[in-house]
Structures are given as C-alpha cells and as structure tokens.
Amino acid sequence: MHELLPLAISFDFFNGADFWVGVGVLAGIYTVLTLGLQLNVGFTGIQNFGQIGFAAIGAYVMALLVSDADWSFWLAIPVAIGFAVCVAVVLGVITLRLRADFFAIATIAFSEIVRYIAQNARGLTHGNQGVQDYVATWRSFSRDVRHDVLDGIGMGGVEFNQMPLLIVTWIAALLLLLLLRHLTKSPWGRVLRAIREDEDAARAMGKNTLRFKLQSLGIAAAVGAFAGILLALQTPNVAPDNYLPLYTFIGYAVLILGGLTSWWGVAVGALIVQFVLEATRLIDFGLTESQTSSMRFIIVGLVIILLVAFRPQGVFGKREEMVLGD
Amino acid sequence: MTDPTPDEAPIATAELPDAIPRVGPTPAAGDLPPGAGGAVLLQVTDVVKHFRGIRAVDGATFAVREGTVTSLIGPNGAGKSSLFNAVTGFYPPDRGAVTFAGRSIFRKPPYAVARAGIARTFQLTRALTAMPVIDNMLLAAPHQRGESLAGALFPFGTRAREKQLREQALELLALFRLDTKADDYAGTLSGGQRKLLEFARALMTEPRMVLLDEPMAGVNPTLGRELMAYMQRLRTERGMTFLFVEHDLEAVMANSDQVVVMAQGRVIADGTPDEVRRDQRVIDAYLGGAGG
Amino acid sequence: MSEVVATAGAPVADVDEDRRLRDRPLLITAAVLVAVSLALVLGEGLHAWGQASVNGLVSGSYVALGAVGLTLVYGTLKLTNFAHGDMLTFGAYAALLGKVTLGLPFVVAVAFGMLVSAVLGLLFELGMWRPMRRKGAGAFQLMLMSLGLAFVLRYGIQFVAGTENKNYGIDTTAVVTILDLRLARVELVVMIVGVVLILATAIILARTTLGRQMRALSDNSSLAETTGIDTGRIVSVTWLFAAGVAGLAGVLAAMAANSFTPEFGFRLLLSLFAAVILGGIGNAYGALVGGLLIGLVQEWSTLLVDANWKIAIGFSVLIIMLIVRPQGIFGTAGRV
C-alpha cells in the first residue's frame, strides 16, 4: 500500500494522446445517448430503460445498409435514425400506457429483444461476429480531416487517429444539447414537465399526453440511434455485446451525476463517468485486471446509491425541480 | 405561505378580468328567474361504471343547464367522484351516454373532454409543484402553437401568443392574489393558495363549464365562501356553468340552482335545494346510509 | 387516484361478476397450456414435448423461486428491485465459498449460501431501504438505488471471485432416464428440489402466520397496517425470506447450468420479472406459477425455433403479457 499513491499514476499525458482521445469520444457518445434519457426521465417522467436498444437499432440499420445493401453511408444515417424513431413510436404506443415501473421493465425487455435478434438472426445481422464493412466512407472522411485540418495544428499523427471523430461527436453532442435545451424551454417543454409531474393534471388541461410522451420517446430514440452510429464508428464493429443493458444503466449514472433536468449536467456527467471508467485503467492499484475493472463499476454503483440517497438533484440539478423523491 | 386573510381585498368583489371570456348566453337582469339557465349543456344518461366488479356508478342520469350552478351530493361511496371521472374521461364509463353542448363526449379521453370546454379540478389539489406558478397557468391555455414540436423548434410567431397568455395569466393570478407568487414554484404555496391556483388554472383553459371536486375541502371557511361567491359571479356575468361535488351541505344549498343527490351509484333525487331538502329518499340516504 | 379508495367501500358489490372476471384468465391460461401442449405433441411428438417440458420444469423451478422474493418485495415495499438477480448470484457464490473455501459438505454449503443471502438481504433493508423509506423516498428513487446496488453486488462478487467460470465440481455426466426422457442427474435434483421448495414456499406462505402476514402486507399494505400487523418486523422477515430463497434459487440455477459467472443472476433478472408479471405483481403464488410457465414456454419454444431464441421468447411473453393483461394471470384489474 505504501508505494501505491506516489507511483499510482503511470500514464504520460502526451504519449497517451490516442487513449485520451478515445476517452473523449466515448464521453461524447455517452453525452448523446444520455441526452435522450434526460429528455425522457428528467423532463417527461418516462423511465426509459431501453435506450441502448435504440442505439443498437441505429448502428445495425446503418451498418447493414452500407455493408450488405451498398447504400451510401451518409444516406444510411438518417434512414437508420428514422427507423429507430418508428420502432420507438410502435413501442411507445404499446407500452407508454403502462405504469412507470412496468414501462421500465418493458423497455429493458425491448432492448434485450433487440440484442437477441442481433445475436440470433444471423442471416440478417451476422450474429456474434457483427458487422464491419461500413467504415470506409467515414475512414476516408476522417483521413481527409486529419490531413487537411489537423496536420496544420500538429495533430495529424496516428495517435490522433480518432481526433476527427472526437470533434464530430462533441460538435454533435453540443448541438443536440442546445437543441433539446431550446425545445424544453418552449411551451412544448412545459407540457412535458407537466406530464412528468402529474399526467392527470396535464390531461385535465386538454393535453394529449400520449402524443407528447411519444414525441419525447421518439426524440430519445433518434438521439440514441445517433449515439449508436457514433459508437459504431468508434469501435468500429457493430456486434451484440456493444448493446448490453449495462450501457443504459451507465447512462443513468451519467444522468444522476449531472442531475435530472440539467442539460449541461449530462455532458459533465458523461465526462466524469467516462473518466472513472476508463482512466482508472491507467492507475496501478496493485490489483488484477479483473479486480480493477470490477472496482470501476463498484464505484459507479456506489456513486448512484449515494447521489440518489443524499443529493437526488445531482451535481447541477435544481432542488426545486427535483424529479426524484416525492 | 399563509392563507389569504379575510381583511385582504376579497376576491368576490374584485373586477372580473377580461381574461375570462363570455362563454354562455348570460341572462340579462330580470330576463329570466335566477338559475333557470339556458339550454341543456351537459346531459348524463344511464352512465354505468364498474370497478373490480363493484358498480361505482349504477345508471346515473341528470342534466345541467347552461349558466347554472349544479351540485352533486351524496354519502361517502355514493359514486360522485366516480361519476365525475366518468364524465371527464378519466375512468371511461362502461355504458350510457354523455353529451356536452350537443356532442357526445362518452368515453372520450380526458384531453378531448377538456378541449370540448369542460375544465375540472381535483379532490386533492393537483398543483404542479416543481413548476413555477405562472407555468401552471400558461400550461392550461388552449391553442398554443408553441406546444407543437414545430412551434417549439421555430418559436417565431409563438412568442406573441405567449406574451398575451402571460398577461392573461397575471390578470387572473392578481384576482386570486397570487400575482406576487407568479415566479415562485407552486410547491411553495399553502394548501389554500394551491386550491386557488387550481381554480385559476381551470379558468385559463377558457372553459364553458367547470367541474369542481370538493372545492371547499381543506380551505378555510372565509376562502371557501369567497370561492363560492366568485363562482356565482362567473355564472351571472360570464355565463359559465358549474357542477361541483361538495360535502358542505350549507354551501351546497346556498349556492346551487340545482342539486343532484346520489346514493349507491344512482341518482336518487334531482331538483332545487328546497325540493331536495324535503325529499324523504335524501333524508333516508343521509341518515341510513354509509354516513355523510 | 383516490377514487378507488372512495368506492371500495361501496355497498353495491357485484360478486358474481367479480368471480367470473377472476376465474376466466386461469381457465384461459390452462386452456392455452393444454392447447399448446397438444399442438406440440401432435407436431413434434410426445417424446420431444416431454423432454422439453422436463427441461422447462428445471429452469422454471429456479425462476419461480427467484421470482417469489422479487414479487413479495415489490408488493410490500413497491420496490422494483434491480438487484434481485444479483442476489441469486450472491447465493450461488456464497455456496461456492462454503464448499470450496470452507470445505463444507455441499448440502451444508447450500444452506450456508441461503443463510448468508438472507442476512445480506436484511442488512440492505436495515442499512439502506428502511432509512430511505423514512426519508420519504419515491419509488423511482428506490429503483435507481437498486440499480446502483446491483452494480455493487455484481462487481463486488466479481472483485472477489473473478470473471472465470465456476462450478460446484458436481458430476454432470451422470444421466438418468425416466420414461425414456433423458436428464442429467443434477438437473433431476434441481427439478425435484426446486418443485419441493416451491411447494414448501407455498405452504409457508399459506399456512404460517408470518407467511400470511407477508402476503397480506404484499397484497395491501394499508390494510395490513390497520389490522395491527407489526409491519417493520414483517418487512424484515420478507427480506430474509426473499433474499434467502433468491440465494437458494441462485444455487439451483448455478447447478443446472453447471458453470456460472458473476453475471448470471443479472441475466436471469428479466426472466424473473417476466414470471412476476405473468403471475400478477405482488402475488407470491402467481410468481411461483409464472416462473414455471416461463420455464416451460422457453423450453417449448426450442421445439419450434433455435434454442438461442428461448430467452428472447421469454421476454416477448413478458411484453405480450404487459399489453394483454398487465395485472397478470392472478391479478385483478384495479391494481394496475
């Protein structure tokens, strides 16, 4: 133990550039994924636990359209997102009338069904092998950005391989964040918040609450599908194990950390959680690899428990708008 | 944080704000006997509602004329609130017919009933506590293009409506002495203030008819009297129609043009306060029933 | 809404209708089971159906036992406990610890695993759930905390035991043949023990005072309070019972699979929820029956589609049930 602290940090920031860029990309992807959760959970009060299922749908539809149907990558993206929205609407019509806890369970089941389809409908999805042949367009785009833009600022090297993805991810994340923030400040957002608080009161005021909830879920699905596509560019492999319910749950950790109803909190929460999950790889605790990885998730679990118990509004949430606790 | 005290300017005599539109054919003074009302606005016919095999509403029939105040009374468990919820679509009725202004609202979802012109309050106040008071009000307003996704995305042109609604809301809030609280979270209001907010919010929906579920419950007597007086003025000056469930029989008898009495899921009497007071079935229901 | 309370005491009870509503789904369920069985016997043969059914009873027995605690905790505390699956894992690993590290005979090790799980369940109640309820925490808040607890449990187990596959070192090659149905001896043991335990659980719930009080509290907590049950004590007992039986279910599941990792309980969680919802959430007997049904449905599905789909089929049953009859087979409409 005595030699743990001073020697613990064994990374060198500059040599580890590719690593840190990777962490940044994942944090950006988590921001996008969790923006959808924020809209659902923080602003509409619908407990969507199937967010990773939408990411899976987005990634698979995009990847399969490009690799197996020879579609253009750029065209496949909106189609994949649109498909995820359609699935969300169908899912929502079926499940949004359920009680909150049943809806939560039903959405986890949905995301697991998506994953099992990805795993088992091998003829369509290539099973556990996953899909790989969809990155060519992105690679050439990424290479162009590196040569034309990043080279000039000394970031053209191999270690900055994912730099274009980092930039695209975070620009998209920030634009989406601002867009959703704009939307939720509107009268539309006001109705969502009313539904979160008391759906019956909103209905008594003439609001077709199902319609608003469907819109909320549909937007979350679109954002989730986009996150899935970004993840597909990061890995770059679309395989069932990238879409475990675990990742939705990590999204919830991000959400709670940043604070329900705080849009900026999503980005900050994603950065912190990714840092805890990834940066701890570089710290030598004198543990086995399995123990280190376990410890990361134990920390995430403890953070969730302690925040929900003692600071349910999260780091940035407003106490008055506390969604948790009655 | 305290309930408004009686020595503040009473609501009942304040000027009615222009925010409240004229919705019914107001009888000119002396034209009609007070409370006679206009045509039938709400017609409830043979409505049945089961809960887990229990007939909460067992074939209720009554009518409410436009521009009148009607109250719905009966012992606990008589089915008053169930009927309320059946009419407003919260518990879709199993059988029967409900028409409002000549159109069927039978088994229509609550939002459609609200849009047809029926506003309601709840037995336990449903103020949206984690939203500012003003947002509670704005939310209730109809015809907001900003509530569509397109309007939210491109708010040009929705701002004028928002501004107009805000003025309308502040006017109403001022009437209920809540204007100073407009930007506070509704959760900071006292119980009585929440009741007022709910009433004001119901008016924001520009209703033709307001259904009040126990408006006097949990309100201090002064405030309760004021609410009743205010209701009377909205009826006489704006032609608004009211139906309310209430246990305070004194308030019911003093304020209603018509009293509908329910027991065991059925309407057992229907008439003016005087008629109902003398009705033997009503006396039996109250004395021999589950207790009032 | 408050309305249900207001009308519950209404004297106008239509008892016949109530009974009819409640009995019909049971009949329908039975009819569907018989029809599906007949179709499978005719289409796939008696032997294939029998084999699948036996396999279904094996997995159904541990799903049922896992689900009963989940449903009781939900019914009693309105807690959707995402950590319940990991309690199964905990039981399995605790038994492993008993057998391998402490060198206990297997049966004693299983009892040890069950006991340790029960105590852990109680500790969570006393250290976490009860204080949170006192603070007035909402259902969603508790649900999220159970999510965090699930992480801590699962990865705590992984921290100690590692990610490698474990087993109890039981001979799994031995096969028993009964009525021409082949079954690993372990599976037979799991099935027999599982069914016996299900019956024992049902008897405990039906016949003992504590069991009746647990069910009463799970069914209607306000009712139980007004009838003077010491709710704090019953809640503690419910946790001991739920967690203990979950630990046992975990051992059975681990035995049947013969190889387990710290994730296995969580992977079972949705099947447990499926069983709970099938039987009507909060209904202990419902969960037992629901568990067996989920096991049967999953195994029967292997007669028609690739076995890889069987878990997804279980989840589909969950979603279909939520659409068609969210109150479950035994539930009444008013509760949902």
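Residues numbered from 1 in each chain as written. Chains lettered and ligands numbered in written order. Predicted model: local features only at pLDDT ≥ 70, side-chain atom pairs only at ≥ 80, totals over all residues. Heavy atoms only, no water.

Asks: Quick rundown of the sheet that holds strand S7 (residues 209–213) of chain B? Include the residues and the values.
Replies: Residues and elements named next belong to chain B. Judged by pairing direction, the sheet is mixed, and its six strands sit side by side in the order S6-S7-S8-S3-S9-S10 without closing on themselves. Sheet topology places strand S6 (118–120) and strand S10 (266–271) at the edges, where each strand pairs with a single neighbour. Along the sheet, successive strands turn relative to each other by an average axial angle of 20°, direction set aside. Pairing of strand S3 (residues 69–73) with strand S8 (residues 241–245) involves four bridges; the strand directions are parallel. Bridging from a neighbouring strand, Ser 71 pairs with Phe 244 of S8. The sheet contacts of helix H7 (residues 221–238) involve S3, S7 and S8, and relative to S8 the element is tilted by about 150°. (Pairing = 2+ DSSP bridges. Helix = DSSP H or I, 4+ residues; strand = E, 2+ residues; numbered from the N terminus. Axes fitted to C-alpha atoms, helices over the stretch in contact; angles between N-to-C directions. Contact = heavy atoms within 4.5 Å.)

Asks: Residue-level account of the environment of Phe 112 of chain C, with values.
Replies: Residues and elements named next belong to chain C. Of note, Phe 112 is situated in helix H5 (residues 106–134). Using a relative accessible area of 24% as the deciding quantity, one classes Phe 112 as partly exposed. Sequence spacing of Phe 112 and Gly 91 is 21 residues, and the spatial spacing of their C-alpha atoms is 8.8 Å. (Buried < 20%, exposed > 50% of the residue type's maximum accessible area, 1.4 Å probe, protein only.)

Asks: Please give an account of the sheet that holds strand S4 (residues 95–100) of chain B that cites residues and values.
Replies: Residue and element names in this part refer to chain B. Taking strand neighbours across the sheet as the criterion, the four strands line up as S2-S1-S4-S5 in an open arrangement whose pairing is antiparallel. Strands at the two margins of the open sheet, each flanked by one partner only, are strand S2 (54–65) and strand S5 (103–104). The pairing of strand S1 (residues 40–51) with S2 spans nine bridges and is antiparallel. The partner of Lys 49 across the bridge, within S2, is Val 57. The strands touched by helix H1 (residues 80–87) are S1, S2 and S4; relative to S1, the strand with the most contacts, the crossing angle is about 115°.

Asks: Lay out a nonpolar patch on the surface with the relevant residues and their values.
Replies: Judged by side-chain polarity, Leu 179 of chain A together with Leu 153, Phe 154 and Phe 156 of chain B come together as a nonpolar surface patch covering roughly 400 Å² of accessible area. Considering the arrangement of structural elements, one finds Phe 156 of chain B in the loop between helix H4 (149–153) and helix H5 (158–175). Exposure remark for Phe 156 of chain B: the relative accessible area of 62% places this residue in the exposed category. (Patch = residues over 30% accessible without salt bridge, like charges linked within 9 Å, V, L, I, M, F, W, Y side chains within 5 Å. Areas by Shrake-Rupley, 256 points an atom, 1.4 Å probe, with all protein chains shown as cover. Salt bridge = Lys/Arg side-chain N within 4 Å of Asp/Glu carboxyl O.)

Asks: Lay out the packing of helix H4 (residues 73–95) of chain A against helix H11 (residues 209–234) of chain A with the relevant residues and their values.
Replies: All names here are of chain A. Taken N-terminus to C-terminus, the directions of H4 and H11 make an angle of 140°; their axes are 8 Å apart at the nearest point. One way to sum up the angle between H4 and H11 is to call them oblique. The interaxial crossing formed by H4 with H11 has right-handed handedness. Together, Phe 73, Ile 77, Ala 80, Ile 81, Ala 84, Val 85, Ala 88, Val 89, Gly 92 and Val 93 of H4 and Leu 214, Leu 217, Gly 218, Ala 221, Ala 222, Ala 225, Phe 226, Ile 229 and Leu 233 of H11 make up the contact between the two elements. Split by residue class, the contact of H4 with H11 holds 17 nonpolar, two polar and no charged. (Parallel < 35°, antiparallel > 145°, perpendicular 65-115°, else oblique. Left-handed = near helix turned anticlockwise from the far one by under 90°. Nonpolar A, V, L, I, M, F, W, Y, C, P; charged D, E, K, R; others polar.)

Asks: Explain the pattern of salt bridges residue by residue, including any values.
Replies: A side chain of one charge can pair with a side chain of the opposite charge when the charged atoms of the two come close. Overall, the coordinates contain 28 salt bridges over all chains when judged by the stated rule. Close ionic contact of Glu 147 of chain B with Lys 207 of chain A constitutes a salt bridge, the shortest N to O distance being 3.0 Å. With Glu 147 of chain B in the loop between helix H3 (133–140) and H4 and Lys 207 of chain A in the loop between helix H10 (199–204) and H11, this residue pair bridges two chains. Look at Glu 147 of chain B and you get buried, because its relative accessible area is 10%. For Lys 207 of chain A, a relative accessible area of 3% corresponds to the buried category.

Asks: Give me the pairing of S4 of chain B: which residues, what numbers.
Replies: Residues and elements named next belong to chain B. Where S1 and S4 come together, five bridges link them in antiparallel fashion. Residue pairing across strands places Leu 42 opposite Phe 100, the latter belonging to S4. Between S4 and S5, which pair antiparallel one after the other, the connecting turn spans two residues, and Ala 101 there sits at a positive phi close to 50°.

Asks: Go over the packing of H5 of chain B against helix H6 (residues 191–204) of chain B with me, naming the residues and quoting the values.
Replies: Residues and elements named next belong to chain B. Here H5 crosses H6 at 140°, and the two axes come no closer than 10 Å. Taken together, H5 and H6 sit at an angle that is classed as oblique. Considering the relative orientation of H5 and H6, their crossing is right-handed. Facing Leu 165, Gln 168, Ala 169, Leu 172 and Leu 173 of H5, the residues of H6 in contact are Leu 197, Ala 200, Leu 203 and Met 204.

Asks: Now, about helix H12 (residues 245–258) of chain A: what can you tell me, with residues and values included?
Replies: Residue and element names in this part refer to chain A. For H12, spanning 14 residues, the distance from its first C-alpha to its last is 20 Å, which sits close to the expected 20 Å at 1.5 Å a residue. Buried residues dominate H12, accounting for 13 of its 14 residues. Phi turns positive, to about 105°, at Gly 259, one or two residues after H12. (Expected span 1.5 Å × (residues − 1).)

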